[in-house]
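For reference, the chains in residue letters:
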Amino acid sequence: MPIVAGSLVWIENPYGSTKPMNISATENDFLVDDDPKSKYREGWCPATYSERPVYVPGVVKDVDQDGTVTIMTALEPSVTVTRSSKDKILARSNSAGDGVNDCLNVENDNIAEIMWMLMKRYIRDQPYTMCGPNVIVSVNPSKPIVLGKLVGSSDPWASLRGELLRMDRSIGNRHCDVFDYAVQRAYTKISQNNLPPHLYSVAKIAMDNITKKRIKSQIIICSGIPGSGKTTAAKAIIDYAITASSHRAFTSRSRAPDYTQNVFDMTGLTKIERQVLHAQSILEAFGHCATERNSNSSRLGKMTKLYFPPGASSDDETPMAARIVCAQIETALLDRGRLLKFPMLPGEERNFNIFYQLLVGYDQLKSLPLVECTDLLFGVDVNFVGLDSKVEDHKVYGVNDREAFERLKEALTEFEFTEDEQIEIFNVVSGILAFSKVSFMGYKDEKTGVSLSVVHDSTRAYLKLAASFWGVTEDALEETMCSRLKNDKTFVPIDTETAYRKKAMLLKSMYGSLV
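For clarity, every value in this text was computed on a predicted model and none was experimentally measured.

Across its full length, the chain holds 16 helices and 17 strands. Taken across its 515 residues, the chain has 45% of its residues classed as buried. Sequence separation of 24 or more characterises 58% of the internal contacts of the chain that already satisfy a separation of 6 or more. Accessible area for the chain stands at about 26000 Å²; split by element, carbon and sulfur atoms hold 51% of it.

Next comes the structure, spelled out in structure tokens:
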């Protein structure tokens, strides 16, 4: 596109991070939102997540004979910048529309235009946008999206709601969000061309390839930065695959799922299907934690494999003949280094969810002096993630540790862990919590000059507590930590530095064996 005076362009942000960025252009030049003073900066790039947008809109004011391009921003206060005509200047659309369903259909093929289009859709509660036939861009809405709710003067999900009403008129009389099981059935039965982009759009393509096109294997990759919604997206896709492959689930499931709380309608599901969904509670207890950016941040990688019988089909005669016959979940890259940070630094992050769930739900921990456990997790008077220092107020928005612990026990029961086995698991974690508080002190043997180490007297209570949880004696645990085995026969003393290394290895290996 030739750059001339009056051309609409995008430029790299010339503003400082503290400058106001109010939209000042007219609707023909630049999209005017309901709240123009905040939508562009605070709505799309909140100060707590990103200091500033990468690109801002501008208008070319002049192009000199020597190729110097003068551009003025379309924001207040306006800023004038110069560029060379040889530089790559990104064209900007003058459309004030609501964006397009596919990134490939943007008017100007550049990253700034795509980001702006995604922002327009995000503001209208349409966080999902296709990028070609098999890829979807998902901007985490961090809130429920209810069908039928007007944004401005229009319903962004009107086409989906219309299809749902044609399928079932009763939908109009109840609360229905974008993850409702009625929505799953709609994406299973209705052509994707008649529905807006959704996480289920990609899941439908994969299921159709398996059941209709008989393509052997399908892979769906959820990637993104922390807090982008990968975990929720993966659960939504797995949940859809179960509904789409099970005739009983397709017709029986009605209660809307809550993916953030791992609440699913298990009606009509087989044991394998129930276990796949229950596994999410286990993985999130042992592999997730709350951070300042994300209340349920994944600290490990997960790969879920769903297996279907050979020749699985989904024709009109047998609509759900592709039942899941086996499932496999693999984990990798667990952030075990987090186990060495008790408590986490003030104002930063929580440790793994399981520790906080045990604190509020496990009777063996609740019977101990509460201050011992809370100091381990929170420190003393820690203002954690914007919460005051009282123990009962150390909670994260959207996270209920007590309910999560009950769902964890229900999930373990689904996997046929007995009550005694569950207690053993919880005791291992509780022992890790206690043993993290153990410290060592060193001294030199006067006769040999060898550096020795022992558990510090001030932390012997934690040593005893950990030993009781792990079912070993206090002396045996101390000897293991403060000495090494030589020639497979005798124990020889070690210095404190080595003892601390052994402690770190023990904590990480024990916790890693559980995940």
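Now that the structure is up, let's keep going.
So, about the nonpolar core. In terms of nonpolar packing, the biggest core is built from 44 residues, with Phe286, Ile354, Phe355, Leu408, Phe435 and Tyr511 touching the most fellow members. Every element with two or more residues in this core is listed here: helix 8 (271–287), helix 9 (353–361), helix 12 (401–414), helix 13 (419–435), helix 14 (460–470), helix 15 (474–482) and helix 16 (496–514). Leu160, Val202, Ala233 and Ile324 belong to the second largest nonpolar core, which has 41 residues in total.

Here we come to helix 15. For helix 15, the complete set of buried residues consists of Leu477, Glu478, Met481 and Cys482. Angular distribution of buried residues about the axis of helix 15 spans 115°; they occupy a single face of the element.

As enumerated under the stated definition, the model contains 13 aromatic pairs in all. Seen in terms of ring centroids, Phe352 and Tyr511 are 5.0 Å apart; in terms of plane orientation they differ by 20°. Their pairing is stacked. Of this pair, Phe352 sits in the loop between strand 13 (326–332) and helix 9 while Tyr511 sits in helix 16, and the two are 159 residues apart along the sequence. Phe352 gets classed as buried once you look at its relative accessible area, which sits at 0%.

Turning our eyes to something else, we now look at the pairing of strand 4 (residues 68–73). Inspection of the sheet shows strand 3 (residues 55–63) paired to strand 4 by five bridges, in the antiparallel sense. Counted as the bridge partner of Val59 is Met72 from strand 4. Counting the residues that bridge the hairpin from strand 3 to strand 4 gives four residues, and of these Gly67 lies at a positive phi of roughly 95°. Pairing of strand 4 with strand 6 (residues 80–84) involves five bridges; the strand directions are antiparallel. Bridging from a neighbouring strand, Thr70 pairs with Thr82 of strand 6.

Time to look at the pattern of salt bridges. This model, assessed by the stated rule, comprises 20 salt bridges. Of the charged contacts in the structure, one is a salt bridge between Asp239 and Arg253, with a shortest N-O distance of 2.7 Å. Note that Asp239 is positioned in helix 6 (residues 230–245) and Arg253 in the loop between helix 7 (247–252) and helix 8, a separation of 14 residues in sequence. In this structure, Asp239 and Arg253 share a single accessibility class: buried. Two residues, Arg338 and Asp335, come together in a salt bridge whose shortest N-O distance is 3.3 Å. For Arg338, a relative accessible area of 5% corresponds to the buried category. According to the relative accessible area criterion, Asp335 is partly exposed, its value standing at 27%.

Another point: the pairing of strand 1 (residues 8–12). Most of strand 1 is tucked away: four of the five residues are buried. In the sheet, strand 1 pairs with strand 3 via five bridges, with the strands oriented antiparallel. Bridged to Ile11 within strand 3 is Val56. Examined bridge by bridge, strand 1 and strand 7 (residues 90–91) share two bridges and lie antiparallel to one another. Its bridge partner lying in strand 7, Trp10 is registered against Leu90.

A grouping of Glu419, Asp420, Glu421 and Glu424 is seen on the molecular surface, where their side chains present a negatively charged patch. Along the chain, Asp420 turns up in helix 13. The class for Asp420 is exposed, based on a relative accessible area of 56%.

The next subject is the sheet that holds strand 7. Strand order in the open sheet formed by five strands is 6-4-3-1-7, and the pairing between neighbours is antiparallel. A strand with exactly one partner marks an edge of an open sheet, and here the two such strands are strand 6 and strand 7.

This paragraph deals with the side chain of Asn294. Inspection of the secondary structure assignment puts Asn294 in the loop between strand 10 (288–289) and strand 11 (297–298). Asn294 gets classed as buried once you look at its relative accessible area, which sits at 18%. A distance of 3.0 Å separates a polar side-chain atom of Asn294 from the backbone nitrogen of Asn296. Beyond its immediate sequence surroundings of up to four residues, Asn294 is in contact with Gly227 and Cys289.

By the secondary structure assignment, Pro53 is in the loop between helix 1 (39–43) and strand 3. Pro53 sits in the buried class, given a relative accessible area of 3%. Considered as a pair, Pro53 and Asn13 are 40 residues apart in the sequence and their alpha carbons are 6.7 Å apart.

Along the chain, the position of Leu199 falls in helix 5 (residues 199–211). For Leu199, the contacting residues outside a window of four places in its chain are Tyr128, Ile136, Ser138, Phe179, Ala233, Ala236 and Ile237.

The next point concerns unusual backbone geometry. Positioned with a positive phi, Asp125 is a non-glycine residue whose angle comes to about 60°. Topologically, Asp125 is positioned in the loop between helix 2 (111–123) and strand 8 (128–130). With a relative accessible area of 12%, Asp125 lands in the buried category. Phi is positive for Glu416, close to 70°, though the residue is something other than glycine. When you line up the elements, Glu416 lands in the loop between helix 12 and helix 13. With a relative accessible area of 56%, Glu416 lands in the exposed category.

What follows is about the packing of helix 13 against helix 14. Across the interface, helix 13 lies against helix 14 with an axial gap of 8 Å and an inter-helix angle of 165°. Overall, the two elements helix 13 and helix 14 adopt an arrangement that is roughly antiparallel. In the packing of helix 13 onto helix 14, the handedness of the crossing is left-handed. Note on element contacts: helix 14 touches helix 13 through Tyr462, Leu463, Leu465, Ala466, Phe469 and Trp470, opposite Asn427, Val428, Ser430, Gly431, Ile432, Ala434 and Phe435. Its residues assigned to classes, the contact of helix 13 with helix 14 comprises 10 nonpolar, three polar and no charged.

For helix 9, the tally of buried residues reaches eight of nine residues, placing the bulk of the element in the interior. Among all positions of helix 9, only Asn353, Ile354, Phe355, Tyr356, Gln357, Leu358, Leu359 and Gly361 are buried.

Reading guide: rules and limits
Residues numbered from 1 in each chain as written. Predicted model: local features only at pLDDT ≥ 70, side-chain atom pairs only at ≥ 80, totals over all residues. Heavy atoms only, no water. Helix = DSSP H or I, 4+ residues; strand = E, 2+ residues; numbered from the N terminus. Buried < 20%, exposed > 50% of the residue type's maximum accessible area, 1.4 Å probe, protein only. Contact = heavy atoms within 4.5 Å. Areas by Shrake-Rupley, 256 points an atom, 1.4 Å probe, with all protein chains shown as cover. Core = buried A, V, L, I, M, F, W, Y, C linked by side-chain atoms within 4.5 Å. Arc of directions from axis to C-beta. Phe/Tyr/Trp six-rings, centres within 6.5 Å; stacked < 30°, edge-to-face > 60°. Pairing = 2+ DSSP bridges. Salt bridge = Lys/Arg side-chain N within 4 Å of Asp/Glu carboxyl O. Patch = residues over 30% accessible without salt bridge, like charges linked within 9 Å, V, L, I, M, F, W, Y side chains within 5 Å. Lys, Arg positive; Asp, Glu negative; His and termini not counted. Charge placed at Lys NZ, Arg CZ, Asp CG, Glu CD. Polar contact = N/O pair within 3.5 Å; in protein donor to acceptor, adjacent residues only side chain to side chain. Axes fitted to C-alpha atoms, helices over the stretch in contact; angles between N-to-C directions. Parallel < 35°, antiparallel > 145°, perpendicular 65-115°, else oblique. Left-handed = near helix turned anticlockwise from the far one by under 90°. Nonpolar A, V, L, I, M, F, W, Y, C, P; charged D, E, K, R; others polar.

Scope: geometric values only; no functional claims are made or implied.
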